[in-house]
Amino acid sequence: MNLAGLWHYWVVIALMMIGMYTMIARENLVKKIMGLNLFQVSVILFYVSLGKVAGGTAPILIEGAPATVYSNPLPHVLMLTAIVVGVAVTAVGLALVVRIQGAYGTSEDAELSEIDRADEAGAALARGEGQG
Amino acid sequence: MIEHLPVLQIVIPLLGAPVCLLLRARGAVLVFATAVAWCTFAIALASIGIVLEQGEVVYALGGWVAPLGIEYRIDLLNAFVITVVSGVGAIVLPIGPGIHGHTVSASREYLYYAAFLLCMAGLLGVAITGDIFNVFVFLEISSLAAYTLVALGNQRRALRAAFSYLVMGTIGGTFVLIGIGFLYQMTGTLNMADLARLLPAVLDNRAVHAAFAFLLVGVGIKLAVFPLHQWLPNAYTYAPPAVSAFLAATATKVAYYLLLRLVFTIFGIGFVFGALGIAPLLQVISLAAMFIGALAAINQTDLKRLLAYSSVSQIGYMTLGLSFGSVAGLTGGLVHVANHALMKGGMFLAVACIVARTGTSAIADLRGLGRRMPATMAAFALGGLGLIGVPLTVGFISKWYLVLAAIEAGQMLLAFAILVSSLLAAVYVWRVVEVAWFQEPLQSAPHGEAPLRLLIPTWVLIGASLYFGVATDLTAGIAAQAAEQLLEVAR
């Protein structure tokens, strides 16, 4: 196996792992979304590299021109759709972070969990008093 | 007109969503969205009739024949899933976001209906299309709409639930995309039927194995199969009650359909169960889901969270049915798709009725509600009997087929496990019944039932679950035929 010749896969894998790690390790929700974004971009690069043919040009048919080697356009076109999906996910994600920031006053995951726990304890206490 | 039914199935709800944005006026949007949803359901019923009569329907989008173009391909399996999704959608949509439990202001209700229709269009699209990249696109349409709907819950934790649903769901969707990429790399096609034809030649390739692994995990996240279910309890607990009813009844079911498609149509049973041998793995996962889900449900203090964990457990039954790879097992899994949609949809709607009157879904606050809201609690209890699998309810039919499949496969232990986990379901249903009927009502407990707008859909779903428990030839009959078709193709 020619590892150096498959370098584009290593780029994809590295990006994907950086994205994954960011999602898991970062406390800030915006950074989590950025990690998610990186993760999606790595897959887009993976698809783009699938369609590449060595020495190939853009797949444009010119009347009368000699037949040429061209890259497979389909994976590239598919990624236009995937980019749109990625943008939509990022937009919804960031909108949720804005709402979370508004409702909790923070967008750090640990602090959010703390607040939720306090809420729950408070609700349990209120219920206990109500019954007593 | 008739030959264009497959595409209308998707186009009508998909275009209905932006029209909702234009209409804006509350009453007009409600009437319009309801009409769209029922129209979609009518088309689904017509489709299933055509498929039963003539067999598979193939529709080439824009006249471009597959594998160049995208095709919609409806066989009994899709038609069955489409009917369930659009039927539940048509019943749940007119309720609107519910009476309490959401943050949708009256002037913005049109956005709710738009998101609902988009979610429905996405789910139907996943089920109907014969193109695997199309599956990814529709999956993301439905998921994005679902994140939005979950975020409308009235507690601020709904936002966090929607956020983690978004992160998990996107990882799942992206995994599906990677898997599709590998498949395309190996075969040069995205058409499912074409993939099924070309894949057997390259099944030994490591890239195909990787593709299957990515697709399985990706779909597994959307299906919330144990241990990838972490997003589900919070999402269902904090979403508006009507949204929980719709998502619990449809979203995971469509993911289950996708799993069946992958395993039986695209990769083939010989590869999945033969070469890879994942049946034992699936069975362990399913059993874990059935027991851990049910045990978690027993320990909940919130009614919606109880139902959500019960969903995790019920998904275990479906994947268990899949793991047998036999007609009886698949029939059990498939019929449970419809049955669970009816029961769980109905039960979540009953919770919506309770929330509408009391403003809370804590089990402790249900005390004596059996006497104050008898129709609502009766619906809940009947749905609960279905979850346990009492004869004359739909749950019994599913479990009958599953136990039959286990005995057929000579795995008495599994058959026994199905029965034991049913007992666990009895425990968590009984907890609610005990509080609602055998305790004195609270001072603050409401007098009178929930409004008819909520009560009627609840009873339609629960009533259907009772009807199909007795008249089994419709659901179980079609499920059995679909299972046979699926296994025939797989051979």
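Scroll up to find the structure this text is about.
1. Looking at the interface of chain B and chain A
Here is step 1 of the chain: Every contact between the two is made by 33 residues of chain B and, on the other side, 41 residues of chain A.
Here is step 2 of the chain: Summing the contributions of chain B and of chain A, the shared interface buries around 3,200 Å²; its carbon and sulfur component is 73%.
Here is step 3 of the chain: Looking only at chain B, the three residues that lose the most surface to chain A are Arg-156, Arg-160 and Phe-163 of chain B, adding up to 23% of its buried area.
Here is step 4 of the chain: Residue Arg-160 of chain B is joined to Asp-116 of chain A by a salt bridge in which the shortest nitrogen-to-oxygen separation is 2.8 Å.
Here is step 5 of the chain: At the boundary of chain B and chain A, one finds 13 residue pairs in polar contact (both at pLDDT 80 or more).
Here is step 6 of the chain: Within the residue set of the side of chain B that touches chain A, elements represented by two or more residues are α5 (132-150) and α6 (157-187) of chain B.
Here is step 7 of the chain: At 18 residues, the largest contribution of residues to the side of chain B that touches chain A is made by α6 of chain B.
Here is step 8 of the chain: A class-by-class count of the residues in the side of chain B that touches chain A yields 22 nonpolar, five polar and six charged.

2. A word on helix α10 (residues 241-267) of chain B
Residue and element names in this part refer to chain B.
Here is step 1 of the chain: Here α10 is 27 residues long and its end C-alpha atoms lie 38 Å apart, about the 39 Å a rise of 1.5 Å per residue gives.
Here is step 2 of the chain: A maximum bend of about 35 degrees is found in α10 at Leu-247.
Here is step 3 of the chain: Counting buried positions over the 27 residues of α10 gives 27, a clear majority of the element.
Here is step 4 of the chain: Two residues or fewer after α10 comes Gly-268, characterised by a positive phi angle close to 90 degrees.

3. What to know about the nonpolar core
Residue and element names in this part refer to chain B.
Here is step 1 of the chain: Judged by nonpolar contacts, the single largest core of 210 residues is most densely connected at Phe-264 and Phe-267.
Here is step 2 of the chain: In terms of residue count, α10 provides more of this core than any other element does, 20 residues in total.
Here is step 3 of the chain: One finds Met-290, Phe-324, Ala-328 and Ala-406 within the second-largest nonpolar core, a separate group that totals 12 residues.

4. Points about the side chain of Arg-261 of chain B
All names here are of chain B.
Here is step 1 of the chain: With respect to the secondary-structure elements, Arg-261 resides in helix α10.
Here is step 2 of the chain: Taking relative accessible area as the criterion, Arg-261 reaches 6% and is therefore assigned buried.
Here is step 3 of the chain: At 2.4 Å, the side chain of Arg-261 and the side chain of Asn-78 are in polar contact.
Here is step 4 of the chain: In contact with Arg-261, other than residues within four places in its own chain, are Asp-75, Leu-77, Asn-78, Met-192, Ile-266 and Leu-486.

5. Quick look at the pattern of salt bridges
Here is step 1 of the chain: For the structure shown, the criterion picks out 13 salt bridges over all chains.
Here is step 2 of the chain: Here Asp-109 of chain A makes a salt bridge to Arg-160 of chain B, at a shortest N to O gap of 3.0 Å. Taken together, the residues span two chains, with Asp-109 of chain A in helix α4 (residues 109-131) and Arg-160 of chain B in helix α6.
Here is step 3 of the chain: Overall, Asp-109 of chain A belongs to the partly exposed group, its relative accessible area being 22%.
Here is step 4 of the chain: In this structure Arg-160 of chain B comes out as buried when scored by relative accessible area, which is 18%.

6. Let's talk about the pairing of strand β1 (residues 57-60) of chain B
All names here are of chain B.
Here is step 1 of the chain: Burial along β1 is one-sided: Val-57 and Tyr-59 are buried, and none of Val-58 and Ala-60, which face the opposite way, are.
Here is step 2 of the chain: Note: β1 against strand β2 (residues 71-74), four bridges, orientation antiparallel. What sits directly across from Val-58, in β2, is Arg-73.

Conventions used here
Here, residues in each chain are numbered from 1, in the same order as that chain's written sequence. Key to labels: chains lettered from A, ligands numbered from 1, both in the order written. Local features in a predicted model are, by the rule used here, given only for residues with pLDDT of at least 70; side-chain atom pairs are given and counted only at 80 or more, and totals for whole chains, interfaces and linings are based on all residues. The side-chain figures draw on all heavy atoms in the structure; neither hydrogens nor water molecules are used. Only heavy atoms enter the contact rule, under which two residues are in contact if any of them lie within 4.5 Å. Reported buried area values correspond to the accessible surface (1.4 Å probe) lost by two parts on association, with both partners' losses combined. Any carboxyl oxygen of Asp or Glu within 4 Å of a side-chain nitrogen of Lys or Arg constitutes a salt bridge here. In the analysis that follows, any N or O atom pair within 3.5 Å is treated as a polar contact, provided that within protein one partner can donate a hydrogen and the other can accept it, and provided that, for residues neighboring in sequence, both atoms belong to side chains. Numbering of helices and strands starts at the N terminus; helices are DSSP runs of H or I of at least 4 residues and strands are runs of E of at least 2. Throughout, the ten residues Ala, Val, Leu, Ile, Met, Phe, Trp, Tyr, Cys and Pro are labelled nonpolar, Asp, Glu, Lys and Arg are labelled charged, and all others, Gly among them, are labelled polar. Under the convention used throughout, the expected extent of a helix is 1.5 Å for every residue step, that is, one less than its residue count. Here the bend at a residue means the angle between the axes of two seven-residue stretches, the one that ends at it and the one that starts at it. Partly exposed describes any residue whose relative accessible area lies between the buried limit of under 20% and the exposed limit of over 50%, with all areas from a 1.4 Å probe on protein chains only and scaled to the type maximum. Side-chain atoms within 4.5 Å link the members of a nonpolar core, which is a set of buried Ala, Val, Leu, Ile, Met, Phe, Trp, Tyr and Cys residues. DSSP-based pairing: two strands are paired if at least 2 bridges between them are found.

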